Amino acid sequence: MIEFKNIEKAFGKNEVLQGIDLRFTQTGRISAVLGPNGSGKTTLIKSLLGMVLPDEGSIEVNGQPIRREWAYRNQIDYLPQIARFPENLRVAELLRMIKDIRGGASRDEELIERFGLQPFLDKRLGTLSGGTKQKVNLTLALMYDSPIVILDEPTSGLDPVAMIQLKELIRQEKAHGKMVLITTHIMSFVEEMADEIVFLLDGKIYFRGSVAEIKTQHQAEGLEEAIAGILKGQLATANRSVAPKSALQSIMSHLQTA
Amino acid sequence: MRAILQYFSLLATTLLLATTAAAQPQTLRVGPEEDYPSIAAALSAADSGDVVEIHAGTYYEHGLVVDKPLYIRGIGYPVLDAQEQGEILTIIAHDVTVEGLQLQNVGVSYLKDHAGIRVRQRSRAVIRNNRLVNTFFGIYLERVHEAVIENNELSGVLRDEASSGNGIHAWHCEKLDIRDNWVTGHRDGIYFEFVDNSKIVGNESVGNQRYGLHFMFSNHDEYHHNRFADNGAGVAVMFSKFINMWENTFEHNWGRAAYGLLLKEIYDTRIEDNHFIQNTIGINIEGSTRIVYQRNEFRRNGWAIKMAGGCLDNDITANNFRSNTLDLVVNSNVNNNTFTGNYWSEYNGYDLDRDGTGDVPYRPVKLFSYILDQTPEAIVLLRSFFVSLMNFSEKVSPVFTPADVLDHQPSMQPLSL
Amino acid sequence: MLKILKYSTYDLLRSRWAYLYLAFFLLFSGGLLYLSGDVSKVVISLMNVILILCPLIATMFGVMYYYNSREFTELLLAQPIRRRTIFWGQYLGLAISLSVSLVIGIGIPFVAYGILHGPETWNFFTLISNGVLLTFIFSGLAFLIGLKNENKIRGFGLAIVLWLFFAVVYDGLFLLSLILFKEYPLEGFSLAATVLNPIDLSRIMILLKLDISALMGYTGAVFQKFLGTALGMGLSLLTLALWTGLPVWTIQRAAKQKDF
């Protein structure tokens, strides 16, 4: 169980999270955290991992507050958004190192096979392509069989074959009764995979519900259209209240990427 | 008139005969199995011109007075031990020779300057090949003329300065010849006060408490081929004129207030071909004028030369300055001392015309030594990076250091000395 | 922490820099010993180099390493590991690998030369241990700069300023105040000013071991006396310990409060 209680976080004057209350209780469920750029998705996830420290509020994992704790991270598999690795390490060394530091059983070989990483094991991380790096990233994230799986932009840079394998893997995790949190910009991916959607806007939860609910609420054929609907509505209110330029820009850019 | 002359010549002849008869030398032997069991007995029995031969053995005697011309000779280094009771041999006659004795354990006195051998107010003493061990003062010359002190070994026991005496101590003397002695463990190795026209040659004065050689109010003297090492403060030459010093070695006089050579109020003197090696200060010069420094070697001293208080007309030519922490400190702004043709290991100028001397003048005074002179506390920054930077920038464009302290013809190669 | 330390050290020892640093010291001290053959003189030359280079390399390399290992750090932050373990591990990895380069680089030539049986053994150890201490102090400060500054350029700038301050500017101000206030008794001030700058303190501690200390005259005697007493030695060691400990402690504090 994960619970965010009134989370607030500002980076300087930029208030990224403005009072988030969120509970994930059900296992075997995939939740997608969506929102335009700068809406606070990554900050929210990083605060769950203790990498970002909220200004206000508390986060609990399995009923325990996580502030200044570290052992709870054993319960979490985390895939960071941008795969950044020590450049002069080889893939195999990196895997060995993380296994050494973390200890315990891992299923890295299975994942290596799944993503076809064998030929790259002796390559330095600095020389890998973006997609291969993402596969390494996925392997690192998922090689521990933890009850909570958090994937920040898992699809970036993946080729269709890898994409299919990823989806298969996520479904498998779900089937194993894990709690999966995903952020992504690929709406088709969400539509296909997610059981529920949490939509963040300007640091607040704008919507939470199933894909079907969001579609009916916005009378849209697809999820993409529904989201666009939300954002247009937001744009209209923003126009009325003379929204700051940055909010407009962020919405516009979201429309382009989505 | 003739009668008178005859009378006088007769008188002279008789007198001459009388003296030669009296001077027929006898040898008095001292020893456990000889005629005289004690030296005192032999000395009182001897007539002028006799030989007193002291055979090997230990004689617990002191306060011996030599009051007539005698030749005192030790055979196999007899030991005269005063058992810390006082002076051993006091010479109050002309023409006394003391040779081959070992004198020891005079004992410290705070009231009297007891010595191993003292010569008082008489001429032509010869003291040679003796060993003096743990004598408070070693050889003490008091108003003596024409003495020869040769090849003696004097070793004191290091105590604090107040309870140590000097090795060879000369006061108000003239025409001394101090030669090839070895002095250690005293307050001053060799001490000269009001001693004129004398020579100090080939001595070795090492490990003394204060000065290897202490030299004051003494004029027209020379000292050469001596070695002064590891003395507490080095060698001090003060308030004297016309002194020539050559081919001496001053080394390892290393301590907070030590120097190879201290010159204070010295005039008209030549200092040539000496070696100053690893002294805190090679030569410390205070108020000394018309001095010629030539062909000296200054190596690995803290300061090679430190000049203070009105040093005028000094001529520093053709010396080697190698690896000294600081070559020169000059604290007066008036400077008419000349520096010519020296080799400075710090010099990094060039010699385009290949005449062996650098084309750019060398400035031996570094900015740091200038600052040190103004603010001695700045020494805490010795060898700091800032000081190196500062010295470098001053070298490139001098602002503070005296502009007229320059060697216009620095030698490119070390001079062979 | 040992594991983080292990991998940081491993990572650093694989980088070209560590070898360059090692090679420099090997060549430099070997060359000096070969050319001069006078251990005391070599120790002095090495002292000059160590006092400048150890802090410089430790700060610059420290900042560089911090920024370069950010990916590694982020990777570790998501793992079930304490934050301070990560940063202390990395800091120690850096300080230890630099110190290893220093100790080996200077040690091999000296040991080959037979220092362990000579009278200069203690001078040599004073030199080495001061170099190591400076390395620890300045890599700690560098890490702190990295932690406090996300902007790399700013971080490098600050690192250079930090080094310049302690290696050059501080002594400049020190000298200036000595000159300005020369009418006053300055021993206490000199002592305090020296003890407060780890580079100056190391320099004095080495100098007082060497026979060159005789040049320091009265002031040197004051220092010798101060460092000769239990209080003085204790104070100096305490300052050095503080200089080493303070960055480490601040690293932990800064790390605790930082967002990644």
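Model, not experiment: these values are computed from the prediction.

Peer 1: An account of the overall build of chain B is needed here, citing residue identities and associated values.
Peer 2: In terms of regular secondary structure, chain B is built from four helices and 38 strands. Based on the C-alpha atoms only, the size of chain B along its principal axes is roughly 85 × 60 × 35 Å. A total of 417 residues make up chain B; the buried ones form 54% of that total. Looking at chain B alone, contacts between residues at least 24 apart form 48% of all its contacts between residues at least 6 apart. With the model as given, the accessible surface of chain B reaches about 17,400 Å², and the carbon-plus-sulfur share is 51%.

Peer 1: An account of the UniProt feature "transmembrane region" (unreviewed entry) in chain C is requested, with residue identities and associated values reported.
Peer 2: Residue and element names in this part refer to chain C. In this numbering, the UniProt entry assigns the feature "transmembrane region" (unreviewed entry) to residues 20-37, 43-67, 88-116, 122-144, 156-181 and 230-251. Span residues 43-67 is 100% helix and 0% strand, its end C-alpha atoms 34 Å apart. Annotation note: span residues 122-144, helix share 100%, strand share 0%, distance between end C-alpha atoms 33 Å.

Peer 1: So what's going on with the arrangement of the chains? Residues and values would help.
Peer 2: Contact analysis covers two pairs of chains in contact, and the most contacts occur between chains B and C. One finds no contact between chain A and chain B; the C-alpha atoms of the two approach each other to within 36 Å at their closest.

Peer 1: Before we move on, can you summarise a nonpolar patch on the surface with the specific residues and values?
Peer 2: Residue and element names in this part refer to chain C. Together, I160, L164, F165, V169, L173, L176, L180, F181 and Y184 make up a nonpolar patch on the protein surface, roughly 850 Å² of accessible area in all. Mapped onto the secondary structure, L164 falls in helix 7 (residues 152-180). Looking at L164, the relative accessible area reads 37%, which means it is partly exposed.

Peer 1: Just give me the short version of the pairing of strand 2 (residues 14-24) of chain A, but keep the residues and values in it.
Peer 2: All names here are of chain A. Across eight bridges, strand 1 (residues 2-11) lies against strand 2 in antiparallel orientation. Across the sheet, the residue bridging to F4 is L22, located in strand 2. Adjacent in sequence and paired antiparallel, strand 1 and strand 2 are bridged by two residues, among which G12 carries a positive phi angle near 65 degrees.

Peer 1: Please provide a residue-by-residue account of the pattern of salt bridges, values included.
Peer 2: Using the criterion set out here, one finds 39 salt bridges over all chains in the structure. The salt bridge partner of B:E204 is B:R227, with a shortest N-O separation of 2.7 Å. Of this pair, B:E204 sits in strand 21 (residues 204-206) while B:R227 sits in strand 24 (residues 227-229), placing them 23 residues apart in sequence. Look at B:R227 and you get partly exposed, because its relative accessible area is 27%. Among the charged side chains, a salt-bridge network with shared partners connects A:R107, A:D145, A:E173 and A:K178.

Peer 1: I'd like a rundown of helix 2 (residues 91-102) of chain A, residues and numbers included.
Peer 2: Owing to its 3.6 residues per turn, the α-helix brings residues three or four apart onto one side. With 12 residues, helix 2 of chain A should cover 16 Å at 1.5 Å per step; its first-to-last C-alpha distance of 17 Å lies within 8% of that length. Within helix 2 of chain A the residues assigned to the buried category are A:V91, A:E93, A:L94, A:L95, A:M97, A:I98, A:I101 and A:R102. On its buried face, helix 2 of chain A sits against strand 6 (76-79), helix 3 (108-115) and helix 4 (130-142) of chain A together with helix 1 (2-14) and helix 4 (70-77) of chain C. Immediately beyond the C-terminal end of helix 2 of chain A, within one or two residues, lies A:G103, with a positive phi of roughly 70 degrees.

Peer 1: Pulling in residues and values, what's your account of the interface of chain A and chain C?
Peer 2: The partner chain C presents 24 residues to the 28 residues of chain A that form the contact. Together, the buried faces of chain A and chain C total about 2,600 Å²; carbon and sulfur atoms form 55% of this surface. For chain A, the biggest contributors to the area lost against chain C are A:M51, A:R84 and A:I101; these three give 25% of the whole. Joining chain A to chain C, the criterion identifies two salt bridges. Across the pair A:K9 and C:D259 runs a salt bridge, and its minimum N-O distance is 2.5 Å. In this assembly, chain A and chain C are joined by nine residue pairs in polar contact (both at pLDDT 80 or more). Per-class residue counts for the side of chain A that touches chain C are 15 nonpolar, three polar and 10 charged.

Peer 1: So what's going on with the side chain of B:E297? Residues and values would help.
Peer 2: All names here are of chain B. On the secondary structure map, E297 appears in strand 32 (residues 297-299). You can call E297 buried: its relative accessible area is 2%. At 3.3 Å, the side chain of E297 forms a polar contact with the side chain of R299. A distance of 3.0 Å separates a polar atom in the side chain of E297 from a polar atom in the side chain of N320. Excluding its chain neighbours within four sequence positions, the residues that come into contact with E297 are N274, H275, F276, N320, R322 and L417.

What counts, and at which threshold
- As a convention, each chain's residues are numbered from 1 in the sequence order in which they are written.
- Following the order in which they are written, the chains are lettered starting with A and the ligands numbered starting with 1.
- Confidence filtering applies because this is a predicted model: local features only for residues at pLDDT of at least 70, side-chain atom pairs given and counted only at 80 or more, and all residues used for totals across whole chains, interfaces and linings.
- Only heavy atoms go into the side-chain values, all of them from the structure, while hydrogens and water stay out.
- We count a stretch as a helix when DSSP gives it H or I for four or more residues in a row; a strand needs E for two or more, and each element gets its number in order from the N terminus.
- Relative accessibility under 20% of the residue-type maximum defines a buried residue, over 50% an exposed one, and the middle range a partly exposed one, all with a 1.4 Å probe and only protein chains included.
- Should any heavy atoms of two residues lie within 4.5 Å, those residues are considered in contact.
- A 1.4 Å probe and the Shrake-Rupley method give the accessible areas. Residues count as covered only by the protein chains that appear here.
- UniProt positions are given in the numbering used here, feature names are shortened, and annotations may be inferred rather than shown by experiment.
- A patch is a set of surface residues, each over 30% in relative accessible area and not in a salt bridge, joined within 9 Å for like charges and within 5 Å for the nonpolar side chains Val, Leu, Ile, Met, Phe, Trp and Tyr.
- Take a side-chain nitrogen of Lys or Arg and a carboxyl oxygen of Asp or Glu: if they are within 4 Å of each other, that pair is a salt bridge.
- In short, DSSP must find at least two bridges between two strands for them to pair.
- To estimate how far a helix should reach, multiply one less than its number of residues by 1.5 Å.
- Two parts placed together each lose some accessible area; with a 1.4 Å probe, that loss summed over both constitutes the buried area.
- Two N or O atoms form a polar contact when they lie within 3.5 Å of each other; inside protein one atom must be a possible hydrogen donor and the other a possible acceptor, and for residues adjacent in sequence the pair counts only when both atoms belong to side chains.
- Gly falls in the polar group here, along with every residue not listed as nonpolar (Ala, Val, Leu, Ile, Met, Phe, Trp, Tyr, Cys, Pro) or charged (Asp, Glu, Lys, Arg).

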